[in-house]
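A look at the structure
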Amino acid sequence: MRGLLRRPVRTLLTVLGIVVAVASMVVFLSLGEGFRRALGQEVGNIGPDIQVTLEGSDSSSIFGSPIPDVPLEFVGKLQAAAAEFGITQVAPYLLTPRGSLSGSGYLISGNPFESIALNDLYPSLKLGQGRFLGAADKTALVAVVGSQAAKTANLKLGDELRLNRADRYKVVGILQRGDGFTDSFIFVPFSALQKTLGVSDKATGITVKLRDSGDARKTADALKIRFPELRSQTQGDVLKVLDRAIAIGDAFRFGISLISLIVGGLAVANTVMMGVYERTREFGVIRAIGAKPSFVFQLVVLESLLLAIIGGIGGIFIGYLGTLAVNFAVRDLVSVAIAIVTPRLALLAIGIAAVLGLLSGLLPARTASRLVITQALGRN
Amino acid sequence: MTQTTTAPTSIITPTSTVLEARGISKIYPSGESTVVALRDVSVGFEAGRITAIVGPSGSGKSTLLNLLAGFDIPSSGAVLHLGNDLKSMPETKLASYRLAHFGFVFQNYNLVSILSAQENVELPLTLAGVPRAKRSQIATDLLKRVSLDKRMTHYPNQLSGGEQQRVAIARALATNPSVLFADEPTGNLDSKTGRGILELLTEPMAESSNRTVILITHDMDVASRAHRIVNIRDGSLEG
Ligand SMILES: Nc1ncnc2c1ncn2[C@@H]1O[C@H](COP(=O)(O)OP(=O)(O)O)[C@@H](O)[C@H]1O
Ligand SMILES: [Mg+2]
């Protein structure tokens, strides 16, 4: 154990190797954790009990196909079936991205404010300046802009937003900064956006509210039978899809960090192995005195484990600082903390460091425990 | 097992044999050929007696001691301690057996450099699972006996050769072993310091005057202090 302290520089470098490896893993995986948390909050906020899109359309987006493809006649059909399914409200929406979504983009959301006011559709939204949209705005070219979208599109109250050559939307409201994706939304009246986009009979999707949200799963299944051409997703479905997307991202990032983890593990193995060679005589002595091979084995594994866990703890700390830096760097692009070190991520990092230490220690430990005593002691 | 033997050079009356080599040989591979380091050696060591093994360099003294101490296994023949055949024990059992019954002093001290004098003396006790308080008590007593009670917290590199060897003797005696092995314990020391070490090894230790001591040396002055001298030459015992 104290053998590690005999070569302070080498030990320190090894620990640093682990620190860097674990820190990079922590930062990478913290991105997924941040997204996951933000999406959980957000979809919870949006809160349509059921979201209806066209079955078999581009499934890459949970909000529906980029090109509106849901015939509006389904709004009427769903409304007609409202009593039967316990539906309280049916509303179509148009959603179209502008700019690149990853960085400087925003989403234009067209909603029928004549049937539901903006602050009823998203109860968690808070107005910063101006006003919300309501029934009077049925076809008006007006917009309420999320705080992040306002920044990216450089919009102030009273400014005009051009969505095509002819249509200029007047900014009548700016939202307060929330902590979700609606910050990157620009809300405009449904009918106005229909005209701007030149789609008269299609929507991106339809939101359905139920009398009892607890029935969402059952109702979605029932709707599926009645309207086989529609895809009815509950909030849970949406979260699941998002979670899968994040998990794929996690796997990819973990793959990248695995490389540095393996390098870190090799560094530990190297340090411990060199330590074993240097202390051949001393291991020989304690074996001669009467230590069992298994004792020597454990001693070396423990040493390796200690090295890796110290590195792991340091890695979590440095990784945490790294996430702060990431969040600071992208604070103008996204309003949520995209990188979060959750307890389970910290636990995972320690676990992986420990496994790393254990594995790296095995070979040196085997070498140490199998020393031939007479050779280890050397010739007198 | 009690058995009476009369070794050729024994100057004492027959007594109980603690450790015995029966026709042991050791052959080392050496490149294409082999080296016969030990050839059909039979010798017994009695309780409470000090035996000196003497012979020129390369004659097989260390090889014999390594086999007697269970560090290595003879190519043929058997080593018996109190009737137990060391060869038949798996390494794990043999290690425990060494810990329980044998003590070792080496030419180059072989203290563990990262442990203090006291921790070195406690090492075999730690391995044996002796509680901390008891360990500390034993180590303190032993270091006092080798006049190092003021150097207990010192590390090997802070001690002279003679002092290190005294710590090594204390360590070898910590488990109160029935057999004490010493391979040229004074080989690295000047004659005056060596004499002090030898006195420690050969003085009847208070708690066990029944201890068997096997001492390798090529110094006849040293050997003369033993009860008995075993001569070895070219891997064979000499009458
Ligand atoms: N591990 C070994 N491999 C090969 N030859 C060895 C080995 N150990 C000892 N020998 C040889 O065995 C002979 C006896 O060695 P050793 O017992 O160390 O003699 P001593 O201790 O009397 O000086 C020598 O010729 C030596 O070279
Ligand atoms: Mg020798």
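Just above, that's the structure.
So, a few notes on the structure that sits alongside this text. (Residues numbered from 1 in each chain as written. Chains lettered and ligands numbered in written order. Predicted model: local features only at pLDDT ≥ 70, side-chain atom pairs only at ≥ 80, totals over all residues. Heavy atoms only, no water.)

Time to look at the side chain of Glu20 of chain B. Tracing the chain through its elements places Glu20 of chain B in strand E1 (residues 17–30). A polar atom in the side chain of Glu20 of chain B sits 3.4 Å from the side chain of Arg22 of chain B. (Helix = DSSP H or I, 4+ residues; strand = E, 2+ residues; numbered from the N terminus. Polar contact = N/O pair within 3.5 Å; in protein donor to acceptor, adjacent residues only side chain to side chain.)

As a further point, take the interface of chain B and chain A. On the chain A side, the residues contacting the 27 residues of chain B number 19 residues. Carbon and sulfur atoms make up 58% of the area that chain B and chain A hide from each other, which totals about 2,000 Å². In this structure, Glu91 of chain B engages Arg287 of chain A in a salt bridge whose closest nitrogen and oxygen atoms are separated by 2.8 Å. Taken together, the connections running from chain B to chain A amount to 6 residue pairs in polar contact (both at pLDDT 80 or more). Breaking the side of chain B that touches chain A down by element, the ones donating at least two residues are helix H1 (61–68), helix H2 (91–101) and helix H3 (117–127) of chain B. Among the elements that line the side of chain B that touches chain A, the one with the most residues is H2 of chain B, at 6 residues. When its residues are assigned to classes, the side of chain B that touches chain A shows 13 nonpolar, 8 polar and 6 charged. (Contact = heavy atoms within 4.5 Å. Buried area = accessible area lost by both parts, 1.4 Å probe. Salt bridge = Lys/Arg side-chain N within 4 Å of Asp/Glu carboxyl O. Nonpolar A, V, L, I, M, F, W, Y, C, P; charged D, E, K, R; others polar.)

Summed over all chains, the structure comprises 16 salt bridges over all chains. One salt bridge connects Glu238 of chain B with Arg233 of chain B, and the closest N-O pair in it is separated by 3.2 Å. When its relative accessible area of 43% is taken as the criterion, Arg233 of chain B is described as partly exposed. What emerges from the salt-bridge pattern is a single network uniting Arg287 of chain A together with Glu91 and Arg98 of chain B. (Buried < 20%, exposed > 50% of the residue type's maximum accessible area, 1.4 Å probe, protein only.)

Attention shifts here to the site of ligand 1. Inspection of the region around ligand 1 gives 11 residues, with Gly58, Gly60, Lys61, Ser62 and Thr63 of chain B positioned closest. Residues within reach of ligand 1 are spread across chains A and B. Here an oxygen atom of ligand 1 sits 3.2 Å away from a polar atom, N or O, in the main chain of Ser59 of chain B. Between ligand 1 and the protein, one listed contact pairs an oxygen atom with a side-chain N or O atom of Ser62 of chain B at 2.8 Å. Taken by itself ligand 1 offers 560 Å² of open surface, and the protein chains cover 74% of this. (Near = heavy atom within 4 Å. Areas by Shrake-Rupley, 256 points an atom, 1.4 Å probe, with all protein chains shown as cover.)

All names here are of chain B. Taken in spatial order, the 6 strands of this open sheet run E6-E7-E8-E3-E9-E10, and their pairing is mixed. The open sheet terminates on both sides in strands that have one partner only, identified here as strand E6 (102–105) and strand E10 (236–238). Neighbouring strand axes in the sheet, compared pairwise and without regard to direction, differ in orientation by 25° on average. Bridging between strand E9 (residues 228–233) and E10 involves 3 bridges; their strand directions are antiparallel. Counted as the bridge partner of Ile232 is Leu237 from E10. Sitting on the sheet, helix H6 (residues 191–202) is in contact with strand E3 (50–54), E6, strand E7 (179–183) and strand E8 (212–217), with an inclination near 155° to E8. (Pairing = 2+ DSSP bridges. Axes fitted to C-alpha atoms, helices over the stretch in contact; angles between N-to-C directions.)

Attention now goes to the pairing of E6 of chain B. Residue and element names in this part refer to chain B. Of the two faces of E6, the one holding Phe102 and Phe104 and the one holding Gly103 and Val105 are both buried throughout. Pairing of E6 with E7 involves 4 bridges; the strand directions are parallel. Counterpart to Phe102 in the pairing with E7 is Val179.

Time to look at the packing of helix H4 (residues 132–145) of chain B against helix H5 (residues 161–173) of chain B. All names here are of chain B. Between H4 and H5, whose axes approach to 9 Å, the crossing angle comes to 135°. Taken together, the axes of H4 and H5 are oblique relative to one another. Two packed elements cross with a definite hand, and for H4 against H5 that hand is right-handed. Of the residues in H5, those in contact with Leu142, Leu143 and Arg145 of H4 are Val167, Ala170 and Leu173. Considered class by class, the residues forming the contact of H4 with H5 number 5 nonpolar, no polar and 1 charged. (Parallel < 35°, antiparallel > 145°, perpendicular 65-115°, else oblique. Left-handed = near helix turned anticlockwise from the far one by under 90°.)

Let us now look at the pairing of strand E9 (residues 185–189) of chain A. All names here are of chain A. Of all the 5 residues making up E9, 5 are buried; the element is thus mostly covered by neighbouring parts of the structure. Burial of E9 is two-sided: the residues Phe185, Phe187 and Pro189 facing one way and the residues Ile186 and Val188 facing the other way are all buried. Where strand E4 (residues 106–111) and E9 come together, 5 bridges link them in parallel fashion. Among the inter-strand pairings, Gly110 is bridged to a residue of E9, identified as Val188.

Residue and element names in this part refer to chain B. Applying the stated criterion across every chain, the model contains 9 aromatic pairs over all chains. Seen in terms of ring centroids, Phe102 and Phe181 are 5.2 Å apart; in terms of plane orientation they differ by 80°. Their pairing is edge-to-face. Here Phe181 lies in strand E7 and Phe102 lies in strand E6, a separation of 79 residues in the sequence. Both residues of the pair, Phe102 and Phe181, belong to the buried class. (Phe/Tyr/Trp six-rings, centres within 6.5 Å; stacked < 30°, edge-to-face > 60°.)

With that settled, the discussion passes to the sheet that holds strand E5 (residues 84–85) of chain B. All names here are of chain B. Across the sheet, which stays open at both edges, the 4 strands sit in the order E2-E1-E4-E5 with antiparallel pairing between neighbours. Single-partner strands in this sheet number two, and they are strand E2 (33–46) and E5. Contacting E1, E2 and strand E4 (76–81), H1 runs over the sheet at an angle of about 120° to E1.

So yeah, pure geometry; function would need other evidence.
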